[in-house]
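Examining the three-dimensional arrangement
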Amino acid sequence: MKIGFIGLGNMGAPMAVNLAKAGHDVTGYDMADVTLDGVNMSASAAEAVKGQDVVITMLPNGAILRTVAAEILPGMHAGAVLVDCSTVDVDSARAVAENADKAGVLFVDAPVSGGTVGASAGTLTFMAGGAEPAFALAAPLFDIMGQKAVHCGEAGAGQAAKICNNMILGITMIGTCEAFALADKLGLDRQKMFDVVSTSSGYSWTMNAYCPAPGVGPQSPADNGYKPGFAAELMLKDLRLSQQAADSADADTPLGQAAMALYEQFVENEDGLGQDFSAMLPRFEKRRRA
Ligand code: NAD
């Protein structure tokens, strides 16, 4: 396939390289000066999308996605598909879907989980929203860049699935960390705490697979000085998106709101910026009851 790829940062670059390695003809554009193995670079986004069957975007946020989409949609040919893999707000995904439709272009929102490790290894999970024919066109590319793609529904459904999942993740990480900090103060050994909880009703992905206590459970960022992994500021971004969506859908999400406030405090006023999101545990360890 002829593919345009816009946004070649930590995630986009390895994804584009994997598509080129699989034999696709990939033309890239990034506002930063980027060169990649096997990827032809263009001088502008508009140029990168000309004549392409598929255009993939991997950008920082919804405002940038809207700007880039306005620039590229007029230059895409009818029947081509725009696949946005960025994590953005549901409203931006739906607005871009509508503009694509007006331009005769198919649209899929397909945010990912799996991080930079998954992007390099081609093992991402895609959560996709959009019409069936659009998903069908993009599916073979998801197979190259990832290990799984779930078609969640109409446009915006991929972003909705992503932020609901990550709202659970943020809330659960805080719960796991505050329980470890309480266990410490009660004199309970962390390994014993893990042995019990990981096989009892308190088990979760954050406890069992990504344990925030160093030296306990499988290898995780806690065993590497809390170097991300999944940075606290990216968790904050996703929690903010969940609360923006909850506002716009009039949904009551008190724990999501509390989790956002806590990560905001951690990232903006404490030492959370640049640490893994599981560094909530040393944060709680240092604190006393408010
Ligand atoms: P990044 O900042 O490394 O990459 C974004 C790239 O977009 C940069 O290279 C930047 O120069 C480029 N860019 C910005 N504005 C542009 C424009 N107008 N035109 C062209 N290029 C432009 O970010 P990333 O870590 O690659 O994340 C990309 C997206 O993936 C984000 O939405 C993020 O939330 C999501 N995501 C990231 C991870 C992760 O672990 N990094 C995991 C899952 C999802």
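Quick note: structure is the one above.
Attention in this report is confined to the structure presented alongside it.

Cut-offs applied
Residues numbered from 1 in each chain as written. Predicted model: local features only at pLDDT ≥ 70, side-chain atom pairs only at ≥ 80, totals over all residues. Heavy atoms only, no water. Axes fitted to C-alpha atoms, helices over the stretch in contact; angles between N-to-C directions. Helix = DSSP H or I, 4+ residues; strand = E, 2+ residues; numbered from the N terminus. Parallel < 35°, antiparallel > 145°, perpendicular 65-115°, else oblique. Left-handed = near helix turned anticlockwise from the far one by under 90°. Contact = heavy atoms within 4.5 Å. Nonpolar A, V, L, I, M, F, W, Y, C, P; charged D, E, K, R; others polar. Salt bridge = Lys/Arg side-chain N within 4 Å of Asp/Glu carboxyl O. Expected span 1.5 Å × (residues − 1). Buried < 20%, exposed > 50% of the residue type's maximum accessible area, 1.4 Å probe, protein only. Arc of directions from axis to C-beta. Near = heavy atom within 4 Å. Polar contact = N/O pair within 3.5 Å; in protein donor to acceptor, adjacent residues only side chain to side chain. Areas by Shrake-Rupley, 256 points an atom, 1.4 Å probe, with all protein chains shown as cover. 1 Å grid on protein atoms, 1.4 Å probe; cavity = no way out; pocket = protein on both sides within 12 Å on 5 of 7 lines; lining within 4 Å. Sits in = over half its atoms within 2 Å of the grid points. Disulfide = S-S within 2.5 Å. Pairing = 2+ DSSP bridges. Right-handed = clockwise from strand over helix to strand, strands pointing away.

Where helix α7 (residues 157-185) meets helix α10 (residues 232-249), the axes come as close as 9 Å, and the angle between the chain directions of the two elements is 120°. By the criterion of interaxial angle, the relationship of α7 to α10 is oblique. Judged by the twist between their axes, the crossing of α7 over α10 is left-handed. Residues K162, I163, N166, M167, L169 and G170 of α7 lie in contact with α10, whose contacting residues are M235, D238, L239, L241, S242, Q243 and A245. Its residues assigned to classes, the contact of α7 with α10 comprises seven nonpolar, four polar and two charged.

Next up on the list: the pattern of salt bridges. Here the structure, examined in full by the defined rule, presents eight salt bridges. R283 is paired through a salt bridge with E270; the nearest N and O atoms lie 2.6 Å apart. Taken as a pair, R283 in helix α12 (residues 280-286) and E270 in the loop between α11 (254-268) and α12 lie far apart in primary sequence, 13 residues in all. Between D271 and K286 there is a salt bridge, and its shortest N-O distance comes to 3.7 Å.

An ideal rise of 1.5 Å per residue puts 21 Å on 15 residues; α11 measures up with 21 Å between its terminal C-alpha atoms. Buried within α11 are the following residues: G256, A259, M260, Y263, F266 and V267. Viewed end-on, α11 has its buried residues packed into an arc of 130°, placing them on one side of the element. Packing partners of the buried residues in α11 comprise α7, α10 and α12.

Around the ligand, a shell composed of 23 residues is seen, among which N10, M11, D30, L59 and K237 lie nearest. Here an oxygen atom of the ligand and a backbone polar atom of M11 are 2.8 Å apart. Taking 830 Å² as the accessible area of the ligand by itself, protein coverage stands at 82%. A molecule is said to occupy a pocket when more than half its atoms come within 2 Å of that pocket's grid points, and by this definition the ligand occupies the largest pocket. Within the residue set of the shell around the ligand, elements represented by two or more residues are α3 (62-72), α5 (115-121) and α10. Of the residues assigned to the shell around the ligand, the class counts are 13 nonpolar, seven polar and three charged.

In this section: the side chain of T206. Note on placement: T206 falls in helix α9 (residues 205-208). Polar side-chain contacts of T206 include one of 2.9 Å to the side chain of S204. Setting aside residues no more than four positions away along its own chain, T206 makes contact with L169, T172, M173, T176, C211 and P212.

Moving on to the state of the cysteines. This model, assessed by the stated rule, comprises zero disulfides. Note on C177: no disulfide assigned, nearest cysteine sulfur contributed by C211 at a separation of 8.6 Å. Given the relative accessible area of 0%, C177 is considered buried.

The next subject is the pairing of strand β4 (residues 54-57). Neither face of β4 is open: one carries V54 and I56, the other V55 and T57, and all of them are buried. Pairing geometry for strand β1 (residues 2-6) and β4, over four bridges, is parallel. The residue bridging G4 from the neighbouring strand is V55, located in β4. The pairing of β4 with strand β5 (residues 81-84) spans four bridges and is parallel. Paired with T57 across the two strands is D84, which belongs to β5. In the classification by handedness, the crossover that spans β4, the intervening α3 and the parallel β5 is right-handed.

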